[in-house]
Each structure stands twice: as structure tokens, then as C-alpha cells.
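Structural description and commentary
Here's the letter readout for the chains.
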Amino acid sequence: MAKTGKREISLRFLAEPGDVNFGGKVHGGAVMKWIDQAGYTCAAGWSMLYCVTVYVGGIRFISPIHIGNVVEVHAKVIYTGNTSMHIAVDVLAGDPREDAFRKTTHCVIVFVAMDEHGKPAPVPPWQPQNEEDRSLESYARKLMGLRSSLDEEVKRFLQPE
Ligand SMILES: CC(C)(COP(=O)(O)OP(=O)(O)OC[C@H]1O[C@@H](n2cnc3c(N)ncnc32)[C@H](O)[C@@H]1OP(=O)(O)O)[C@@H](O)C(=O)NCCC(=O)NCCS
């Protein structure tokens with residue numbers, strides 16, 4: 001089994017004018033890219049392997065991010081399967097002239113570690129260490145249950161034409 005890496009990471013940067021939508025705020029696609037980047041960094045850091053996104057669901061955009069805001073993207077492992085890692089991602093933003101950050105987005109994203117042949121590879125198991133971890137792991141398990149019924153609904157749209 002590979003050596004365990006870091007369980008959580010944060011990215012921090014400024015929302016730039018290139019990230020703007022037609023309403024003058026940061027567009028959702030930019031936020032999704034940051035979520036994917038932070039999730040990848042966390043998953044690759046934990047497994048110490050190349051990883052691919054296998055599932056993103058239930059992204060909740062809670063409040064807008066303004067151009068010029070400092071953005072923090074926090075990602076942490078909240079569940080590991082055999083080859084998959086479930087990563088909780090929270091996006092926070094705030095005016096650099098003020099101290100307060102507000103949560104703008106939350107989601108759980110699933111990555112699969114890949115071996116050198118492009119096949120799913122086992123990942124080091126993550127064990128909850130405290131009450132908060134146990135609650136996050138149980139949240140990940142609950143989402144997995146909900147996802148399997150969603151997958152059934154979506155399946156017919158995934159069939160090739
Ligand atoms: C990731 C990929 C290799 C998995 O292939 P697969 O045939 O589903 O492989 P497996 O059935 O062995 O599943 C691998 C893991 O993915 C998980 N998985 C598969 N579908 C899933 C889904 N819809 N949601 C969550 N996890 C899922 C499985 O549970 C398994 O996890 P486990 O080993 O921890 O139990 C394949 O789906 C793929 O290449 N997808 C494209 C990835 C990509 O390009 N992403 C980035 C661009 S958008």
C-alpha cells in the first residue's frame with residue numbers, strides 16, 4: 001500500500017477580471033474549475049498517484065464571489081473506498097480590505113486514483129480521527145446512497161445513441 005499523504009489542502013488567490021460573468025460576478029464555471037483543481041490536489045496528495053474526477057454532484061452556490069475578492073478553496077478527504085476518494089470542498093471569499101470570509105460554495109467530489117496503465121489503483125484508507133470526521137464520513141456515505149438512486153435515473157441518458 002502506498003504511503004499516506006496529506007489529508008487536506010487549501011488554495012488561495014484573487015478572483016481576477018477574466019473570471020467575470022455577464023452580471024459582473026465570478027462565473028460558475030470558474031468556481032467549478034477551482035473546485036476540481038483543489039479536489040485533484042487533495043486526492044493526488046493523499047494517494048500520491050495521478051487521479052481523475054469520476055463524480056461531481058450537488059454543487060451549491062450559496063453566495064456570489066466578487067472580482068477582487070480573495071478566494072480560499074479548502075479540500076479534504078472525508079471518505080475512501082478501494083480506489084476512490086470523496087473530497088469535501090468549501091469555497092470561501094472575502095474582500096481583502098476586510099477580515100471576514102463567507103462560505104460561497106460547497107460540494108463533495110469523487111476522484112479515482114490511477115495506476116501507470118490508466119486503471120483504477122488502490123488508495124491508502126482514511127480513518128476518521130474525531131467526532132467531526134465521523135460526521136463527515138457519515139455524510140459521504142449518505143450521499144453515496146442518494147447517488148445510487150440518482151445514477152439509476154441518469155443511466156438512460158448515458159447510453160450511447
Ligand atoms: C474513473 C474511471 C477510470 C472509473 O472506471 P470504472 O469502470 O467505473 O471503474 P470501477 O468500476 O473500478 O470504479 C472505480 C471507482 O470509481 C467509483 N465510481 C464509479 N462510478 C462512480 C460514480 N458515479 N460516483 C462515485 N463513484 C463512482 C467506484 O465506486 C470505484 O470506487 P471504489 O474502488 O472506491 O469502490 C472511468 O469512469 C473514467 O475514466 N472516467 C473518466 C474520468 C475523467 O476523464 N474525468 C475527468 C474529466 S471530466
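You'll find the structure just up there.
A brief report on the enclosed structure follows. These numbers come from a predicted model, not from an experiment.

With that out of the way, let us pick up the sheet that holds strand 2 (residues 50-61). Pairing in this open sheet of 5 strands is antiparallel, and the strands run 1-3-4-5-2 from one edge to the other. Every other strand in the sheet has two partners, leaving strand 1 (8-14) and strand 2 as the edge strands with one partner each. Across the sheet, the axes of successive neighbouring strands diverge by a mean angle of 25°, strand direction being ignored. Here 9 bridges tie strand 2 to strand 5 (residues 102-114), and the two strands are oriented antiparallel to one another.

Before going further, it helps to spend a moment on the nonpolar core. By size, the foremost hydrophobic cluster in this structure holds 29 residues, and its most contacted members are W34, I65, M85, I87 and V89. For this core, the elements supplying multiple residues, two or more each, are helix 1 (28-47), strand 3 (70-80), strand 4 (84-94) and strand 5. Top element by residues in this core is helix 1. It accounts for 9 residues. Among all residues touching W34, those that are not within four sequence positions of it are L11, F13, A15, D19, V26, I65, V71 and V73.

With that settled, consider the packing of aromatic side chains. Inspection of the entire model under this criterion finds 2 aromatic pairs. Above the ring of Y55, the side-chain terminus of R147 is found at 4.6 Å from the ring centroid.

The next subject is the side chain of T80. Among the structural elements, T80 can be located in strand 3. For T80, the side chain forms a polar contact with the main-chain nitrogen of W126, separated by 2.8 Å.

With that out of the way, let us pick up helix 1. End to end, helix 1 covers 28 Å across 20 residues, agreeing with the expected 28 Å (1.5 Å per residue, within 8%). By the burial criterion, the buried members of helix 1 are A30, V31, W34, I35, A38, G39, C42, A43, A44, W46 and S47. As for helix 1, its buried residues are in contact with strand 1, strand 2, strand 3, strand 4 and strand 5. One or two steps after helix 1, the chain reaches M48, where phi turns positive at roughly 60°.

Quick look at the pattern of salt bridges now. Taken as a whole and assessed by the stated rule, the structure comprises 8 salt bridges. As a salt-bridge pair, D133 and R7 come within 3.0 Å of each other at their nearest N and O atoms. Here R7 lies in the segment before strand 1 and D133 lies in helix 2 (residues 131-158), a separation of 126 residues in the sequence. With respect to class, D133 is no different from R7; both count as buried. Put simply, E152 and K155 hold a salt bridge, and the shortest N to O gap is 2.8 Å. Of this pair, E152 and K155 are both found in helix 2, 3 residues apart, which corresponds to roughly one turn of the helix.

So, how was this worked out
Residues numbered from 1 in each chain as written. Predicted model: local features only at pLDDT ≥ 70, side-chain atom pairs only at ≥ 80, totals over all residues. Heavy atoms only, no water. Pairing = 2+ DSSP bridges. Helix = DSSP H or I, 4+ residues; strand = E, 2+ residues; numbered from the N terminus. Axes fitted to C-alpha atoms, helices over the stretch in contact; angles between N-to-C directions. Core = buried A, V, L, I, M, F, W, Y, C linked by side-chain atoms within 4.5 Å. Buried < 20%, exposed > 50% of the residue type's maximum accessible area, 1.4 Å probe, protein only. Contact = heavy atoms within 4.5 Å. Phe/Tyr/Trp six-rings, centres within 6.5 Å; stacked < 30°, edge-to-face > 60°. Lys NZ or Arg CZ within 6 Å of the ring centre and 35° of its normal. Polar contact = N/O pair within 3.5 Å; in protein donor to acceptor, adjacent residues only side chain to side chain. Expected span 1.5 Å × (residues − 1). Salt bridge = Lys/Arg side-chain N within 4 Å of Asp/Glu carboxyl O.

Coordinates in, geometry out; function isn't part of it.
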